[in-house]
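Chain and residue survey
Given next are the chains, with one letter for each unit.
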Amino acid sequence: MAGQEEYDYREMWGSLGMDVEAHDGLLAAVGQMYGDMFLTQGNRPKSTSYLDFVASNIHSGRIRELVEGREAGDPRKVVGSFCLYVPEEIISAAGAVEVGLCAGAEWAPEEAEKLVPRNTCPLIKGFMGFKLASVCPYIETADLVVGENTCDGKKKAYEEFGKLKDTFVMDVPHVRNEDTRQQWRNEVKRLAGRIEELTGQKITEESLRAAIKLANQKRLALKRLDQTRAADPVPISGLDCLLTIQAAFMDDSVRLTGAINDMAQECEARVEAGEGVAPKGAKRILYTGTPMAVPNWKLFNIIEKSGAVVVGEECCTGSRYYKDLVPEDGATIDDMLNDIADRYLNIQCAIFTPNDGRKEDVLRMARELNADGIIDCSLQFCTLYDMEATGMELAARDAGIPYMHISTGYSADDEGQLKTRIEAFLEML
């Protein structure tokens, strides 16, 4: 990642059309939050220093990498997204770079509420606020934003967002059958055509196969790290694992894959040595629910500062990102595009009905990771995950696993209440 020495990042941000003073305020707030949450953890693996490096460079060195090529005449395009359903393999195969966009904090809500209702989920209001206030360098750097109609709120918000930024929306099915599988395969191919149009570079068998392998290597590294968390004591915190997945949406894939393997190797050694981030016997929590975009670390921080440890995440900033691989033996571009589409259609998002696969994944992970309890969280006004909470609770009860549902937003206003509820839940385990 590009270093910060003798480089004027404020000039770079200004050249992107950002509100530099407002962005300074954002960085200061996130930096303070990061220090309070991450740097106060005890006995972190030494290799997590890479995460500190990513966090300190996330709006500086990484953005510099993306924009410097343009100044040198590199035609590489940047494609932004807010969701796991946007296939990174296709974007990479067409010569572009995919980045996750800022949506994990409340910013300029009064501006966002001019375009979306006040009782809209924090993630939607977040990305609208970040764009309207011009404080997310990823949004400003992106040549194209790829959205998806995973919920009605996003679907309608993209209509307004598309007036502010060039946006391409994918139609994600909400049921799974052979008809919708073919519809989704067509959507994936429509995306491929749009990215080729953006970059002026055709997807070839060679480039697509290489992109599939690159994404799979990252997933395998994440799986390797995840497997160490079944140990007691747990070698790495849930906070650091959450940040690792968040980084996977933004950092260079080759560099991050190497860093994740380094973390996994150290964690494997810590398991052998019986070394952990929490004492042996600490209560083990499986998280499930809505994704947590940067810098939404509030809930994990409360859980782990209360003496428990998060041992797994069944969510889009968790196991859904790396659980399934794309087959690497597709004979043609069409075969490989179909394999990609099928892999992404298997993501167990709450948009699907029925969605028994999510309950099955949660219970499987709880058993494999020896979880003492499940915390299911939905962002405020997220009807999909709120509605699924009832079925999830019944499934957990039938499996004999303690369960708690939480609804929260990005504000710190409810931290005291959450801490009280979580501590009571942990005492019950």
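Below is a short write-up of the structure.

Calculation notes
- Residues numbered from 1 in each chain as written.
- Predicted model: local features only at pLDDT ≥ 70, side-chain atom pairs only at ≥ 80, totals over all residues.
- Heavy atoms only, no water.
- Helix = DSSP H or I, 4+ residues; strand = E, 2+ residues; numbered from the N terminus.
- Rg over C-alpha atoms; globule rule 2.2 N^0.38 Å.
- Buried < 20%, exposed > 50% of the residue type's maximum accessible area, 1.4 Å probe, protein only.
- Contact = heavy atoms within 4.5 Å.
- Areas by Shrake-Rupley, 256 points an atom, 1.4 Å probe, with all protein chains shown as cover.
- Lys, Arg positive; Asp, Glu negative; His and termini not counted.
- Charge placed at Lys NZ, Arg CZ, Asp CG, Glu CD.
- Salt bridge = Lys/Arg side-chain N within 4 Å of Asp/Glu carboxyl O.
- Axes fitted to C-alpha atoms, helices over the stretch in contact; angles between N-to-C directions.
- Parallel < 35°, antiparallel > 145°, perpendicular 65-115°, else oblique.
- Nonpolar A, V, L, I, M, F, W, Y, C, P; charged D, E, K, R; others polar.
- Pairing = 2+ DSSP bridges.
- Phe/Tyr/Trp six-rings, centres within 6.5 Å; stacked < 30°, edge-to-face > 60°.
- Lys NZ or Arg CZ within 6 Å of the ring centre and 35° of its normal.
- Left-handed = near helix turned anticlockwise from the far one by under 90°.

Quick look at the overall build of the protein chain now. Regarding its fold elements, the protein chain presents 19 helices and eight strands. In summary, the protein chain has a C-alpha radius of gyration of 21 Å against a globular reference of 22 Å for 429 residues, a match within 12%. On the principal axes, the C-alpha backbone points of the protein chain span a range of 55 × 55 × 45 Å. Within the protein chain, buried positions represent 57% of all 429 residues. Within the protein chain, contacts between residues at least 6 apart in sequence are counted, and of these 76% link residues at least 24 apart. As displayed, the protein chain has an accessible area near 17100 Å², and 49% of this comes from carbon and sulfur atoms. Across the protein chain, the 48 positively charged side chains and the 70 negatively charged ones have centroids separated by 2 Å.

We now examine the side chain of Lys218. Summarising the element assignment, Lys218 is placed in helix α11 (residues 205-227). Residues in contact with Lys218, not counting those within four places in the same chain, are Glu88, Ala248, Ser253, Leu256, Thr257 and Tyr321.

What follows deals with the side chain of Ser134. Summarising the element assignment, Ser134 is placed in the loop between α7 (122-133) and α8 (137-141). Residue Ser134 is classed as buried on the basis of its relative accessible area, which comes to 17%. If we ignore the near neighbours within four places in the chain, the residues touching Ser134 are Gly17, Met18, Asp19 and Glu140.

Applying the stated rule across the entire model yields 39 salt bridges. Close ionic contact of Arg255 with Glu65 constitutes a salt bridge, the shortest N to O distance being 2.9 Å. On the criterion of sequence distance, the pair formed by Arg255 in helix α13 (residues 253-273) and Glu65 in helix α4 (residues 61-71) is long-range, its members being 190 residues apart. For Arg255, a relative accessible area of 22% puts it in the partly exposed group. On the accessibility criterion, Glu65 (18% relative accessible area) is buried. The partner of Glu160 in a salt bridge is Lys163, with the nearest N and O atoms 3.3 Å apart.

We now examine the packing of helix α12 (residues 238-248) against helix α14 (residues 298-305). To describe two helices that pack against each other, one gives the angle between their axes and the distance between the axes. Between α12 and α14, whose axes approach to 9 Å, the crossing angle comes to 160 degrees. With respect to each other, α12 and α14 are oriented roughly antiparallel. In this structure, α12 contributes Gly238, Leu239 and Leu242 to the contact, and α14 contributes Phe300, Asn301 and Glu304. Across the contact of α12 with α14, the residue classes break down as three nonpolar, two polar and one charged.

Counting buried positions along strand β5 (residues 284-289) yields six of six residues, so the element is predominantly enclosed. Both faces of β5 are covered, namely the face carrying Arg284, Leu286 and Thr288 and the face carrying Ile285, Tyr287 and Gly289. As paired elements, β5 and strand β6 (residues 309-314) share five bridges and run parallel to each other. Bridged to Leu286 within β6 is Gly312.

Spatial strand order, β6-β5-β7-β8: four strands in an open sheet with parallel pairing. Of all strands in the sheet, those bounded by a partner on one side alone are β6 and β8 (403-408). On average, adjacent strands in this sheet sit at an angle of 25 degrees to one another, irrespective of strand direction.

Before going further, it helps to spend a moment on the packing of aromatic side chains. In this description, a pair of aromatic rings is defined by centroid distance and the angle of the planes. In the structure shown here, the tally under the stated rule is 15 aromatic pairs. When the ring of Tyr9 is compared with that of Trp13, the centres are 6.2 Å apart and the planes differ by 35 degrees; the resulting orientation is tilted. Residue Tyr9 and its partner Trp13 are both found in helix α1 (residues 9-15); the two are separated by four residues, about one turn of the helix. Both residues of the pair, Tyr9 and Trp13, belong to the buried class. Arranged with centres 5.8 Å apart and planes meeting at 70 degrees, the rings of Tyr34 and Trp297 form a pair that is edge-to-face. Placement of the pair is Tyr34 in helix α2 (residues 20-37) and Trp297 in the loop between β5 and α14, with a sequence separation of 263 residues. Like Trp297, Tyr34 is buried. Taken together, Phe82, Phe127, Tyr158 and Phe161 form an aromatic cluster joined through their ring pairs. Between the NZ or CZ atom of Arg176 and the centre of the ring of Phe352, over which it lies, the distance is 3.7 Å.

Okay, the packing of α11 against α13 next. One can describe the packing of α11 onto α13 by two numbers: an axis separation of 8 Å at closest approach and a directional angle of 20 degrees. One finds that α11 runs roughly parallel with respect to α13. The interaxial crossing formed by α11 with α13 has left-handed handedness. Side by side, α11 and α13 meet where Leu214, Gln217, Lys218, Ala221, Leu222, Arg224 and Leu225 of the first sit next to Ser253, Val254, Leu256, Thr257, Ile260, Asn261, Met263, Ala264, Gln265, Cys267 and Glu268 of the second.

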